[in-house]
Structure formats: C-alpha cells, structure tokens
Amino acid sequence: MLDKIKGLIGKGERKRNFRRASGGFRLCVTILKTDKKTGLKEPSTCFIARVHDYSAGGLCIFHNNNLLEGEEVEIGNKHSMKKIACLKCPNMPLTADLFASDIIKGRVAWRTHKLCGIQFTSIKKGDEKKINDMALDKVSGGK
C-alpha cells in the first residue's frame, strides 16, 4: 500500500526542507562559465529575473530561456553585488532590498521555456536563516 501511495506523489508534493513562499520581487542572476585557460568559474552574462517563489534552499524564477539545466549561477541584489559593472547597472535598483546580504551560488536544477528552479549550493547560514524567516513570515500572513 505504501508503494502505491509513493507512486501517486508528484515531484512538487514531496516534503521540502524549507518553507516555500511566493515571490514577486526581482534579483540579479549571473551565469558562471568555466575559463578554458585557468579552469576557474567566472561571471559571464547576467540578467534581472522575477522570482516566482523561494525558500532558503532555492528559488523558482522566470528566466525567458536564458538558462540551461546544470548551469551554475550567482544570485544577488543591490546590497550583495559588489562588482563595478553591477553597481553601475541601471537595473540594479529594481532588485529586492532584503533578500540576502551576500551573493548566493546555485545550480539550475530544472527548467521549462519560462521558469527554472535554482538550488542553492553555497549560502551563508545568516542568509539562509534570513530567507527562511522571510518565507515563514509571508506564509503565516505577515508581510
């Protein structure tokens, strides 16, 4: 009987480690490419993405076919992005104020032509707690 029930549960219905909340804000997403000479991951193209939903473990964004499954990315906002090009970007003021204090690294776990799921691979504990509290507050009817 248990196997029958397990077969009925879809991917989106599996238990998550963190509470997920709806988004409605924007973040900067920078695609990381491997430098052929050094082998190091370096920032390449970036874009502003609208967040569909989020948790302390990852987020789902509208990406307009900019990302491929498996790509590594950096996620930031106007307070965490420190590169000169980011600071001069006219779109940077559109990003969320309070999402994270540092850049978060992630990997594209899945994608469709409009949406993609990004799993966080490197996030500071303080930012993880901040995002989790933000999601819990939103789900419980706070902000």
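As shown above, the structure is provided for reference.
The text that follows walks through the structure, step by step, so that each part is easy to find.

Cut-offs applied
- Residues numbered from 1 in each chain as written.
- Predicted model: local features only at pLDDT ≥ 70, side-chain atom pairs only at ≥ 80, totals over all residues.
- Heavy atoms only, no water.
- Helix = DSSP H or I, 4+ residues; strand = E, 2+ residues; numbered from the N terminus.
- Buried < 20%, exposed > 50% of the residue type's maximum accessible area, 1.4 Å probe, protein only.
- Contact = heavy atoms within 4.5 Å.
- Pairing = 2+ DSSP bridges.

## Considering the side chain of Glu-128
Next up, step 1: Secondary-structure assignment places Glu-128 in helix α3 (residues 125-139).
Next up, step 2: The buried category is assigned to Glu-128, whose relative accessible area is 18%.
Next up, step 3: Excluding its chain neighbours within four sequence positions, the residues that come into contact with Glu-128 are Phe-18, Ala-56 and Ile-123.

## Observations regarding unusual backbone geometry
Next up, step 1: The residue Asn-64 is not glycine, and still its phi comes out positive at about 50°.
Next up, step 2: Summarising the element assignment, Asn-64 is placed in the loop between β4 (58-62) and β5 (72-76).
Next up, step 3: Classification of Asn-64 by relative accessible area gives exposed; the value is 65%.
Next up, step 4: Here Asn-65, not a glycine, exhibits a phi torsion of approximately 65°, which is positive.
Next up, step 5: Looking at where Asn-65 falls in the secondary structure, it is placed in the loop between β4 and β5.

## Examining the pairing of strand β2 (residues 26-34)
Next up, step 1: Sheet topology note: the β2/strand β3 (residues 41-55) ladder contains eight bridges and is antiparallel. Considered in β3, the bridge of Val-29 is made with Phe-47.
Next up, step 2: If you look at the hairpin formed by β2 and β3, you'll find six residues sitting between the two strands, and Gly-39 has a positive phi there, around 80°.
Next up, step 3: Pairing of β2 with β5, which is carried by five bridges, proceeds in the antiparallel orientation. Paired with Ile-31 across the strands is Val-73, a residue of β5.

## Considerations on the pairing of strand β6 (residues 104-111)
Side-chain positions along a regular strand alternate between the two faces of the sheet.
Next up, step 1: Across four bridges, the pairing between β5 and β6 is antiparallel. Bridge pairing in β6 places Glu-72 opposite Arg-107.
Next up, step 2: Across six bridges, the pairing between β6 and strand β7 (residues 115-122) is antiparallel. When the bridges of β7 are listed, Arg-111 appears paired with Cys-116.
Next up, step 3: Counted along the chain from β6 to the antiparallel partner β7, the turn is three residues long.

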